[in-house]
Amino acid sequence: MPGGEKIAVLVLAAAAVHSIKIFRLYFALYGKGVSSGQHLRQYCKTITVNMIIPLKMGDIFRAYCYGYKMQNYFGGAALIVFDRFTDTLALVTMILAVQMVWALKIMPLLYILLIILMFLCSCYLVFPGMYQYWNKYFLKLSASKNRNSILRMLEYFNYAYMELVIRLKGRGSLVYIVSLPAWGVE
């Protein structure tokens, strides 16, 4: 392919991938009071930062921006964790599919991604019990400013967890399915 055609294919592929990701994140965000125009502005702003800041640290900025728009920073963080989880799960699926089709050896990246997914699943499964234990523990102690702050923080974490539960049960498989074509194009 001549240079101009390669650039055109690259631009079209990037546009297709980002279109899918914009739709996927909006689908996950739906019902949180953020209009499609606000979402598009937030996505464009945060994708630029995400490309500049290494190691996906731009997702912290993305969580902040969406949390600001949702008027709940923990809800914004839960949204981005949900998005990253489904995106990583789709990536692992595509890597496994490619390795099975071409009988390639397993890449070290796959092990790292699987460890991350297992860690996130473990946190998801362990959190309710941990929350109940620590909530009861601090409620039984005599009240103080620090203990009340800890209880408030536990409630914020529980809110974020409940946001994840709602998203995973209601939209998890659909967001995962939408993530697959994005990785197929990439």
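Anything mentioned here points back to the structure above.
In this text, all values refer to a predicted model and were calculated from it rather than measured experimentally. Sequence order as written defines the numbering, with residues in each chain counted from 1. Local features in this predicted model are restricted to residues of pLDDT 70 or higher, and side-chain atom pairs are both shown and tallied only at a pLDDT of 80 or more, whereas totals for entire chains, interfaces and linings draw on every residue. The basis for the side-chain values is all heavy atoms of the structure; hydrogens and waters are excluded.

Describe the packing of aromatic side chains, and please don't skip the residues or the numbers.
Pairing of aromatic rings covers Phe, Tyr and Trp, the last counted by its six-membered ring, and requires centre-to-centre distances within 6.5 Å; plane angles under 30 degrees mean stacked, over 60 mean edge-to-face, and any other angle means tilted. As enumerated under the stated definition, the model contains 13 aromatic pairs in all. Between Tyr64 and Tyr73 the ring centres are 5.4 Å apart and the planes differ by 10 degrees, which places this aromatic pair in the stacked class. An aromatic cluster is built from Tyr124, Phe127, Tyr131 and Tyr161, whose rings are joined through pairwise contacts. Two conditions define a charge located above a ring, namely a distance within 6 Å from the ring centre to NZ of Lys or CZ of Arg, and an angle within 35 degrees of the ring normal. Of note, Lys21 hangs over the ring of Trp183, and the distance from its end group to the ring centre comes to 5.4 Å.

Could you give an account of the nonpolar core, with specific residues and numbers?
In terms of nonpolar packing, the biggest core is built from 16 residues, with Leu29, Tyr66 and Leu79 touching the most fellow members. Secondary structure counts use DSSP, requiring at least four H or I residues in a row for a helix and at least two E residues in a row for a strand, with both numbered from the N terminus. For this core, the elements supplying multiple residues, two or more each, are α1 (3–29), α2 (36–52), α3 (58–70), α4 (73–102) and α6 (145–185). A total of four residues in this core trace back to one element, the largest contributor, which is α4. Ignoring sequence-local partners within four residues, the contact set of Tyr66 consists of Leu25, Leu29, His39, Gln42, Tyr43, Thr46, Gly76, Leu79 and Ile80. For the purposes of this section, nonpolar cores are sets of buried Ala, Val, Leu, Ile, Met, Phe, Trp, Tyr and Cys residues that join through side-chain atoms within 4.5 Å. Relative accessibility under 20% of the residue-type maximum defines a buried residue, over 50% an exposed one, and the middle range a partly exposed one, all with a 1.4 Å probe and only protein chains included. Any two residues whose heavy atoms approach within 4.5 Å are treated as being in contact.

Talk me through the packing of helix α5 (residues 108–140) against α6; I want residue IDs and the actual numbers.
Any two packed helices are characterised by how steeply their axes cross, that is the angle between the axes, and by the distance between the axes. Orientation is described by lines fitted to C-alpha atoms, with helices fitted over the stretch in contact, and by angles between N-to-C directions that extend from 0 to 180 degrees. At their nearest, the axes of α5 and α6 sit 10 Å apart, and the two run at 155 degrees to each other. Judged by the angle between their axes, α5 and α6 are roughly antiparallel. By crossing handedness, the relation of α5 to α6 is classed as left-handed. In this structure, α5 contributes Tyr124, Phe127, Pro128, Tyr131, Trp134, Asn135, Phe138 and Leu139 to the contact, and α6 contributes Arg147, Ile150, Leu151, Leu154, Glu155, Phe157, Asn158, Tyr161, Val165 and Leu168. Throughout this entry, Asp, Glu, Lys and Arg are counted as charged residues, while Ala, Val, Leu, Ile, Met, Phe, Trp, Tyr, Cys and Pro are counted as nonpolar. The remaining residues, Gly among them, count as polar. For the contact of α5 with α6, the per-class residue count stands at 14 nonpolar, two polar and two charged. Small angles under 35 degrees read as roughly parallel and large ones over 145 as roughly antiparallel, with 65 to 115 read as roughly perpendicular and the rest as oblique. Crossing handedness: left-handed means the near helix sits turned counterclockwise from the far one by under a right angle, and right-handed means the same turn made clockwise.

Lay out a nonpolar patch on the surface with the relevant residues and their values.
Together, Met51, Ile52, Ile53, Leu55, Met57 and Ile60 make up a nonpolar patch on the protein surface, roughly 700 Å² of accessible area in all. Considering the arrangement of structural elements, one finds Leu55 in the loop between α2 and α3. Overall, the relative accessible area of 79% leaves Leu55 in the exposed class. Every patch collects residues that have over 30% relative accessible area and no salt bridge, joining them within 9 Å if they carry like charges and within 5 Å if they are nonpolar side chains (Val, Leu, Ile, Met, Phe, Trp, Tyr). Using a 1.4 Å probe, accessible areas were evaluated by the Shrake-Rupley method; residue-level cover was limited to the displayed protein chains. Salt bridges are identified by distance alone: a Lys or Arg side-chain nitrogen within 4 Å of an Asp or Glu carboxyl oxygen.

Please provide a residue-by-residue account of α2, values included.
When the terminal C-alpha atoms of α2 are compared, their 24 Å separation across 17 residues agrees well with the 24 Å that a helix rising 1.5 Å per residue should span. By the burial criterion, the buried members of α2 are His39, Gln42, Tyr43, Thr46, Ile47 and Asn50. Taken down its axis, α2 places every buried residue within 130 degrees of arc, on the same side. Relative to its buried face, α2 has exposed residues pointing more than 90 degrees away, namely Arg41 and Ile52. Expected helix span is taken as 1.5 Å per residue step, with the number of steps being one fewer than the number of residues. The arc in question is the one traced by the directions running from the helix axis out to the C-beta atoms.

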